[in-house]
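Inside the fold
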Amino acid sequence: MKTVTSLLHMDMKTSIFAIFLLSLAITVSAQSRITEANYTDLSKRELSLKGYADSMINAQNAGTRFRSDSIFVRNLVKALQVQHSFDYAFDSIQSISRLYAPDSSFRIFTWQLKKDEYFYYQKGAIQKKTKDGSLQLYPLFDASMFTAKPMDSVRSRRNWIGAIYYKVIQKSWQGKNYYTLLGFDGFTVSSNRKWMEVLTFDEKTGEPMFGGPYFTVKPDTAKKAISPYRYLMEYKKEASTTFNYNGEMDMIIFDHLISESDEPHRPQTYIPDGDFEGFQWKNGMWVHVNKVFTDVPDEFKKVDPLLGNAPAEEAIRDKDGNIDEKKLEERSRQNDQKAKEKVKPKPKKPGGGQ
């Protein structure tokens with residue numbers, strides 16, 4: 001006859017095992033919203049999408065790039081129409097950005113189509129999570145090339161200021177969620193842009209809205225376009241800049257910029273000077289912090305695999321905040337040399353091959 005102690009011990013082991021099985025069942029249930037057949041279907045579609053995504057950037061012929069983009073868009077929509085596609089990551093398509101909101105309420109796709117060596121079109125779409133797994137999709141139409149005032153207002157998905165997003169930060173205020181987007185735009189042949197703006201969703205229509213009066217920014221010569229609706233950092237093409245969210249500090253941190261040629265009216269001359277600014281979320285606003293610290297931890301300056309951003313270079317200000325003209329001049333020479341090397345023609349291989 002088994003003792004009471006042994007029976008209690010068995011009951012305890014049985015209970016633990018039962019809890020384990022229940023937990024496993026819940027996990028499997030959560031992961032099995034995509035049926036095996038649909039998962040196989042999405043895997044095949046992903047393989048096809050991967051090829052077109054690469055072609056719309058790397059194909060030599062412009063016509064091929066545009067056709068690839070058109071086919072990519074059509075096929076992406078068809079893939080997303082597969083039930084519960086929201087749970088499928090498409091993570092093998094490395095040439096597009098795929099970001100889930102921290103609360104998994106939506107995800108946003110952004111990518112670029114290469115027109116020529118000097119211009120890229122920005123493309124995008126937002127997919128919302130639905131209970132029944134049906135598709136709720138909002139295509140984004142880039143209007144940045146058609147406006148001289150990208151900072152001026154709240155914008156809809158039909159006149160979106162295009163960017164390749166690399167971070168989504170979720171904040172809340174008075175019971176409403178706000179999703180801050182950080183994105184990159186290879187703007188012109190001489191300058192790049194990084195954007196920061198707040199995404200919200202209309203409570204009645206569910207439509208995405210970009211921007212709003214969520215920024216308090218102090219004037220600065222390196223920020224000629226000051227607006228409460230969105231934040232813009234434009235800088236020299238060959239410069240390396242930091243603009244990202246630091247979770248430990250709960251702050252968005254970015255380089256302070258100066259004109260390397262003392263021409264503050266020309267953003268294409270802006271480079272980091274070694275100081276850093278920031279934004280903190282307070283009472284439903286991103287409040288500007290003029291100076292955060294004079295160095296960013298190495299782990300915060302990791303190379304972004306999508307955008308190719310590198311860490312900021314050696315500071316050109318001393319500990320008292322004065323600009324070292326020799327370092328500034330050397331930085332300018334280095335940037336010019338990078339630009340020249342970038343446009344050098346590749347040497348031909350023997351036999352006329354490239």
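Scroll up to find the structure this text is about.
The paragraphs below set out a description of the structure included in this document.

What follows concerns the overall build of the protein. Check the secondary structure of the protein and you find 4 helices and 15 strands. Among the 354 residues that make up the protein, the fraction classed as buried is 42%.

What follows covers the pairing of strand β1 (residues 97-100). Only one face of β1 is buried, namely the one carrying S97 and L99, since none of R98 and Y100 on the opposite face is buried. Examined bridge by bridge, β1 and strand β2 (residues 106-116) share 4 bridges and lie antiparallel to one another. In the strand pairing of β2, R98 is matched with F109. As consecutive antiparallel partners, β1 and β2 are separated by 5 residues, and within that stretch S104 has a phi angle of approximately 60°, a positive value.

Tracing the sequence through the fold places F72 in helix α3 (residues 62-80). On the accessibility criterion, F72 (0% relative accessible area) is buried. Along the chain, F72 and L49 lie 23 residues apart, while their C-alpha atoms are 5.9 Å from each other. Residue contacts for F72: discarding those within four places in its chain leaves L49, Y52, A53, M56, I96 and W111.

Tracing the chain through its elements places G274 in strand β14 (residues 270-282). With a relative accessible area of 12%, G274 lands in the buried category. Counting along the chain gives 16 residues from G274 to I258, while the straight-line C-alpha distance between them is 9.9 Å.

Attention now goes to the packing of helix α2 (residues 36-58) against α3. Packed helix pairs are specified by the crossing angle of their axes together with the interaxial distance, meaning the distance between the axes. At a minimum axis distance of 8 Å, the contact between α2 and α3 shows a crossing angle of 155°. Considering the angle they form, α2 stands roughly antiparallel to α3. For the pair α2 and α3, the sense of crossing is left-handed. For the pair formed by α2 and α3, the contact residues are L42, R45, S48, L49, Y52, A53, S55, M56 and I57 on the first element and T64, R65, S68, D69, I71, F72, N75, L76, K78 and A79 on the second. Residue composition of the contact of α2 with α3, grouped by class: 10 nonpolar, 5 polar and 4 charged.

Here the focus is α2. Over its 23 residues, α2 runs 33 Å from end to end, which matches the ideal 33 Å to within 8%, given 1.5 Å per residue. Listing the buried residues of α2 in full gives L42, E46, L49, A53, S55, M56 and I57.

A few words on the sheet that holds strand β13 (residues 251-259). Taken in spatial order, the 5 strands line up as β10-β15-β14-β13-β12 in an open sheet, and their pairing is mixed. With partners counted over all chains shown, the strands left at the sheet margins are β10 (215-216) and β12 (243-246), one partner each.

In this model, α3 (19 residues) spans 27 Å end to end at C-alpha, consistent with the 27 Å of a helix rising 1.5 Å per residue. If you follow the buried residues of α3, they end up packed against α2, β2, β3 (119-128) and β4 (137-141). One side-chain oxygen of the residue at the start of α3 lies 2.8 Å from the amide nitrogen of G63, identifying that residue as N61.

With that settled, consider the packing of aromatic side chains. Where two aromatic rings form a pair, the distance of their centres and the angle of their planes describe that pair. Tallying each qualifying case throughout the model produces 19 aromatic pairs. Centre to centre, the rings of F106 and Y179 are 4.9 Å apart; their planes meet at 90°, and the pair counts as edge-to-face. One end of the pair, F106, is in strand β2; the other, Y179, is in strand β7 (residues 176-185), with 73 residues separating them in the sequence. Residues F106 and Y179 agree in their burial class; the two are buried. Three or more aromatic residues joined by ring pairs form one cluster here, namely F215, Y231, F243, F254 and F279. Over the ring of F86 we find R107; its NZ or CZ atom is 5.7 Å from the centre of that ring. If you follow R193 out to its NZ or CZ, it ends over the ring of F187, 3.6 Å from the centre.

Next up on the list: the nonpolar core. A general trend in soluble globular proteins is that nonpolar side chains are found buried together. In terms of nonpolar packing, the biggest core is built from 24 residues, with M196, F215, Y231, F243, I252, F279 and W286 touching the most fellow members. Contributing elements (two or more residues each) for this core: β6 (164-173), β7, β8 (191-201), β11 (231-236), β12, β13 and β14. The element that contributes the greatest number of residues to this core is β14, accounting for 4 residues. If you look at the next biggest cluster of nonpolar residues, it comprises 20 residues, including W160, V168, L199 and L232.

Moving on to the side chain of S259. Relative to the helices and strands, S259 is located in strand β13. Classification of S259 as buried rests on a relative accessible area of 11%. What S259 contacts, discounting residues up to four positions off in sequence, is P264, T269 and Y270.

In the structure shown here, the tally under the stated rule is 11 salt bridges. In this structure, the salt-bridge partner of E197 is R230, at a minimum N-O distance of 2.7 Å. Placement of the pair is E197 in strand β8 and R230 in the loop between β10 and β11, with a sequence separation of 33 residues. Since its relative accessible area comes to 2%, E197 is described here as buried.

All right, on to the sheet that holds β4 then. An order of β1-β2-β3-β4 is seen for the 4 strands of this open sheet, with the pairing classed as antiparallel. This sheet does not close on itself; its edge strands, each paired only once, are β1 and β4. On average, adjacent strands in this sheet sit at an angle of 15° to one another, irrespective of strand direction. Sheet topology places β2 next to β3; 10 bridges connect them, and they run antiparallel. Following the sheet pairing, D116 is matched in β3 by F119. Strands β2 and β3 of the sheet are contacted by α2, whose axis makes an angle of about 40° with β2. Set on the sheet, α3 makes contact with β2, β3 and β4; between it and β2 the angle comes to about 165°.

Calculation notes
- Residues numbered from 1 in each chain as written.
- Predicted model: local features only at pLDDT ≥ 70, side-chain atom pairs only at ≥ 80, totals over all residues.
- Heavy atoms only, no water.
- Helix = DSSP H or I, 4+ residues; strand = E, 2+ residues; numbered from the N terminus.
- Buried < 20%, exposed > 50% of the residue type's maximum accessible area, 1.4 Å probe, protein only.
- Pairing = 2+ DSSP bridges.
- Contact = heavy atoms within 4.5 Å.
- Axes fitted to C-alpha atoms, helices over the stretch in contact; angles between N-to-C directions.
- Parallel < 35°, antiparallel > 145°, perpendicular 65-115°, else oblique.
- Left-handed = near helix turned anticlockwise from the far one by under 90°.
- Nonpolar A, V, L, I, M, F, W, Y, C, P; charged D, E, K, R; others polar.
- Expected span 1.5 Å × (residues − 1).
- Polar contact = N/O pair within 3.5 Å; in protein donor to acceptor, adjacent residues only side chain to side chain.
- Phe/Tyr/Trp six-rings, centres within 6.5 Å; stacked < 30°, edge-to-face > 60°.
- Lys NZ or Arg CZ within 6 Å of the ring centre and 35° of its normal.
- Core = buried A, V, L, I, M, F, W, Y, C linked by side-chain atoms within 4.5 Å.
- Salt bridge = Lys/Arg side-chain N within 4 Å of Asp/Glu carboxyl O.

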